[in-house]
Amino acid sequence: MKKFKILPYAALFSVFLLAGTMAAFAQENIEIVHDAAFENQTRPPVAFAHDAHNEKAGIDDCGECHHAYADGEKQMGDDSVGMECSQCHYGKPGQGVADLIRAYHLQCAGCHGERKAGPVLCGECHRRR
Amino acid sequence: MHAVFNFVRGPMAGIAFAVFIIGCLYQMASMWRLARKKDAVVFHYFSLFYALRSIIHWMVPFAALNMRRHPVMTGVTFVFHLCLFAVPFFLSSHAILFKESWDVSWAWLPDGIADIMTLAVMGACLFFLGRRIFLREVRYLTTVSDVLILFCVALPFFSGFWAGQQWPGFPVMTLVHMISGEILLMLIPFTRLRHMLFFPVIRGYMGSEFGAVRRARDW
């Protein structure tokens, strides 16, 4: 009887686990805009290359997108990196999923429209594969 | 591209809504004035009960004799009008645009259902076109404007479906969709599409005369 060798499988599994963990934690290149609040997505998720986008758009200040508000005022020099958008824009009394979608759309497409650069049409971001 | 989009999404949408609303108010006011001048007696025998009785009968499929005489046309026209109204308001992308602009929201249709309803609108437009071409009694009454109006109604649905499916050239198609939709909205008060406004008025008039004066049915 051939002996089952666990080591090669364990090694292979570890490599995948490591790669997966690195991908999850690496902020260098977010491939898809993710928010846990979107359980059933109506439209395909939006591809987003974090670093390439910011380089092209000339964005250095994290707080420009990851904005932080207190008492309705944007806090200059502060940011909300590490928080999901839904932590503020969804789930409060009177807020529905449409409020979260609205926040995303105004944040992304709103800026693109103002700067006249980047996608603004539905299908330009929510690409069907 | 961005300049066109910003204009069509912003000022032109506002203009389209304004022209639509003011145009509708103007049409209703001038109809009121005309009735005062030419048929003032209608204001005396107008009856809300008989008006509503007629309106409701003509809004229920097959509730009127003439509808039962033309079952296919009745079926198509009810499906057409239902989808024509429901899709623009309850399509998810449109509901989200209302939410973005005015911060109001409501439930929306699953995209698959909205796709089928859009195809139904286009199919019905083809049916109406075929009817105008092949039915002699309808062809006799058809003018160029009838065909143009059908085209104007179908275009926002056709281009919207194209844009939604993201078929080749969809960015341009999305702009075509927005512009043709806004033009259609502005056309409503000033073309025969204003039957949208006058349907209840005409039925109210007929219902009042048939019910309150002649003691008869008008369906």
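For the structure, see preceding data.
Worth saying up front: this structure is predicted, and the values here are computed from it rather than measured. (Residues numbered from 1 in each chain as written. Chains lettered and ligands numbered in written order. Predicted model: local features only at pLDDT ≥ 70, side-chain atom pairs only at ≥ 80, totals over all residues.)

Broken down by element type, chain A carries five helices and two strands. Relative to its 129 residues, chain A shows a buried fraction of 9%. Considering only intrachain contacts with a sequence separation of at least 6, the fraction spanning at least 24 residues in chain A is 26%. (Helix = DSSP H or I, 4+ residues; strand = E, 2+ residues; numbered from the N terminus. Buried ≥ 20, exposed ≤ 12 C-beta atoms within 10 Å, placed from the backbone. Contact = placed C-beta atoms within 7 Å.)

A word on the overall build of chain B. If you tally the helices and strands in chain B, you get twelve helices and zero strands. In chain B, the succession of helices and strands from N to C terminus is α-α-α-α-α-α-α-α-α-α-α-α. Taking the principal axes of its C-alpha atoms as reference, chain B extends roughly 60 × 35 × 35 Å. The buried share among the 219 residues of chain B stands at 20%. Put simply, 64% of the contacts in chain B that link residues at least 6 apart link residues at least 24 apart.

On the chain B side, the residues contacting the 16 residues of chain A number 16 residues. When contributions to the side of chain A that touches chain B are tallied by element, the ones reaching two or more residues are helix 4 (97-115) and helix 5 (122-125) of chain A. The dominant element in the side of chain A that touches chain B, judged by the number of residues it contributes, is helix 4 of chain A, at six residues. Split by residue class, the side of chain A that touches chain B holds six nonpolar, five polar and five charged. (Nonpolar A, V, L, I, M, F, W, Y, C, P; charged D, E, K, R; others polar.)

Look at helix 10 (residues 144-165) of chain B: 31 Å from first C-alpha to last across 22 residues, which is about the 32 Å you get at 1.5 Å a residue. The largest bend along helix 10 of chain B reaches roughly 30° and is located at Ala154 of chain B, with the proline Pro156 of chain B sitting one to four residues downstream. Taken together, the buried positions of helix 10 of chain B are Val153, Ala154, Pro156, Phe157, Ser159, Gly160, Ala163 and Gly164 of chain B. Elements in contact with the buried residues of helix 10 of chain B: helix 5 of chain A together with helix 8 (111-134) and helix 11 (170-187) of chain B. At the exit of helix 10 of chain B stands Gln166 of chain B, carrying a positive phi of roughly 55°. (Expected span 1.5 Å × (residues − 1). Bend = angle between axes of the 7 residues up to and from the residue.)

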